[in-house]
Amino acid sequence: SAKSEGRNRIHIFNDQIKHHNVNQIKLEEQLRHAIEYDELSLHFQPIYFVNSEDIYAVEVLLRWNSREFGQVSPRDFIPLAEETGLIVSIGEWVIYEAIRVMKKWKRQFDLPIKLFINLSSRQINHPNFTRELRRIFDITEIDPRQISFEITESMMIDNFDQGKKILGQLIDMGVKLSLDDFGTGYSSLSSLRHLPFQILKIDKSFIDDLSAVDANVAILKAIIEMAHSLDLLVVAEGIESQEQYDLVASLGVDFIQGYYTTPPLPENKIEEVFRQRTLS
Ligand code: C2E
Ligand code: MG
Ligand code: MG
Ligand code: MG
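We now turn to the structure provided with this report. None of these values were measured; they are calculated from a predicted model.

### A look at the overall build of the chain
- Along the chain, the regular secondary structure elements total 11 helices and 10 strands.
- Relative to the globule expectation of 19 Å for 280 residues, the C-alpha radius of gyration of the chain, 19 Å, shows essentially globular dimensions.
- By its C-alpha atoms, the chain is 55 × 45 × 35 Å across when sized along the principal axes.
- Going through the 280 residues of the chain one by one, you find that 47% of them count as buried.

### A closer look at helix α7 (residues 160-173)
- With 14 residues, α7 extends 20 Å from end C-alpha to end C-alpha; this agrees with the ideal 20 Å at 1.5 Å per step.
- Among all positions in α7, only Gly163, Ile166, Leu167, Leu170 and Met173 are buried. For α7, the angular spread of buried residues about the axis comes to 110 degrees, placing them on one side. Exposed residues pointing more than 90 degrees away from the buried face of α7 are listed as Asp161, Lys165 and Asp172.
- Residues of α7 that are buried in the fold lie against α5 (121-124), α6 (129-140), β5 (147-152) and β6 (176-182).
- Downstream of α7 by a residue or two, Gly174 has a phi angle that is positive, lying close to 105 degrees.

### A few points about the coordination of the magnesium ion (ligand 3)
- Those protein atoms acting as donors to the magnesium ion (ligand 3) are Asp180 (OD), Asp181 (OD), Glu237 (OE) and Glu237 (OE), and they sit at 2.0 to 2.6 Å.
- Read N to C, the donor residues that coordinate the magnesium ion (ligand 3) are spaced as D-D-x55-E.
- The magnesium ion (ligand 2) is placed at 3.9 Å from the magnesium ion (ligand 3), the two being bridged by Asp180. Of this pair, Asp180 sits in strand β6 while Glu237 sits in the loop between β8 (233-236) and α10 (242-251), and the two are 57 residues apart along the sequence.

### Points about the coordination of the magnesium ion (ligand 2)
- Within the protein, Glu59 (OE), Asn118 (OD1), Glu150 (OE) and Asp180 (OD) serve as the donor atoms for the magnesium ion (ligand 2), at 1.9 to 2.3 Å.
- Counting gaps between the donor residues of the magnesium ion (ligand 2) yields the pattern E-x58-N-x31-E-x29-D.
- Residue classification places Glu59 among the buried positions, given a relative accessible area of 4%.
- A relative accessible area of 29% means that Asn118 is categorised as partly exposed.

### Some details on the packing of helix α4 (residues 87-109) against α6
- As a packed pair, α4 and α6 sit with axes 11 Å apart at the nearest point and diverge in direction by 20 degrees. With respect to their mutual orientation, α4 and α6 come out roughly parallel. When you trace α4 past α6, the crossing you get is right-handed. Here Glu92, Ile95, Tyr96, Ile99 and Lys103 of α4 lie close against α6, whose contacting residues are Phe129, Glu132, Leu133, Arg135, Ile136, Phe137, Ile139 and Thr140.

### Details of the pattern of salt bridges
- Throughout the structure, instances matching the rule amount to 14 salt bridges.
- Glu97 is the salt-bridge partner of Arg100, the closest N and O atoms lying 2.8 Å from each other. Of this pair, Arg100 and Glu97 are both found in helix α4, 3 residues apart, which corresponds to roughly one turn of the helix.
- For Arg100, a relative accessible area of 38% puts it in the partly exposed group.
- With a shortest N-O distance of 3.6 Å, Lys201 and Glu237 are connected by a salt bridge. In this pair, Lys201 sits in strand β7 (residues 199-202) while Glu237 sits in the loop between β8 and α10, placing the two residues 36 residues apart along the sequence. This pair shows no difference in class: Lys201 is buried, exactly as Glu237 is.
- It is possible to trace a salt-bridge network through shared partners that takes in Glu97, Arg100, Lys104, Glu267 and Glu271.

### Let's talk about the environment of Asp214
- Checked against the element boundaries, Asp214 lands in helix α9 (residues 214-229).
- Looking at Asp214, the relative accessible area reads 63%, which means it is exposed.
- With 16 residues separating them along the chain, Asp214 and Leu230 place their C-alpha atoms 25 Å apart.

Definitions and limits used
Residues numbered from 1 in each chain as written. Chains lettered and ligands numbered in written order. Predicted model: local features only at pLDDT ≥ 70, side-chain atom pairs only at ≥ 80, totals over all residues. Heavy atoms only, no water. Helix = DSSP H or I, 4+ residues; strand = E, 2+ residues; numbered from the N terminus. Rg over C-alpha atoms; globule rule 2.2 N^0.38 Å. Buried < 20%, exposed > 50% of the residue type's maximum accessible area, 1.4 Å probe, protein only. Expected span 1.5 Å × (residues − 1). Arc of directions from axis to C-beta. Contact = heavy atoms within 4.5 Å. Donors = N, O, S within 2.8 Å, 3.2 Å for Na, K, Ca; no water. Axes fitted to C-alpha atoms, helices over the stretch in contact; angles between N-to-C directions. Parallel < 35°, antiparallel > 145°, perpendicular 65-115°, else oblique. Left-handed = near helix turned anticlockwise from the far one by under 90°. Salt bridge = Lys/Arg side-chain N within 4 Å of Asp/Glu carboxyl O.

Here it is in structure tokens:
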């Protein structure tokens, strides 16, 4: 099993490594119970139309408040969940919870709110994934067109053909697809043009490099132009300042996401934002 594989990887070379691995095991044990202990929750971060206060969509971001470790970053526990296979049940929990909130907001605000939901490689490659998703859509009766799944290019590396097939099945269900973290991997836009994405999300690391090196501005401008010629809409992620906002806006991005506009917020706080701002 994935768990015994994980355990077999513990080779005690020195105390430091031993210590690290023991913590990993404890973290894994805790993560295994996170759903039943009710320790998982969702945060939500608006994706705004550029030069506007209108919200285009909201990204769903998972949070884990462990009784043992306190708040654990998804950057730490998502890879662990992937490694151990726990991502399959956790990912399903995220989808159910996101849909619950989506239905509540539809009632409460009488407006359909688009949700962007992150998926993991192990999750989409699970043999039951698309069947289970179809079942969830049937039971919950939500409009799949209101959901965009965020996929990273690294998820396509292991088996491109298999990945492409699953993305096709998702599109057939009516959901949208976003390419997350663009600019961190190695693939060019042209190598991705045969995949059914509607949205390209430019990674924060790319945005951060902009002010430092002028050539990057020209590269980003070219990426945005090429994305548009491929009928992709572009989100700039991780916008933290007015300067960054103005720069990416001038380069032609369609949507803005970042701490500068609104950080990820818990359910009750994002609802306050909805009350204050126009939804599109
Ligand atoms: P991501 O999908 O690229 O999500 C964007 C990350 O950037 C989030 O980190 C968000 O909180 C953070 N962020 C947003 N605006 C800013 C900003 O202006 N400055 C900075 N420094 N950060 C900003 P978070 O919430 O810690 O999530 C990290 C990663 O964990 C996500 O990156 C995603 O890959 C993964 N993740 C989160 N939730 C889920 C989930 O439900 N399922 C899966 N499979 N992965 C998830
Ligand atoms: Mg994302
Ligand atoms: Mg991203
Ligand atoms: Mg990501």
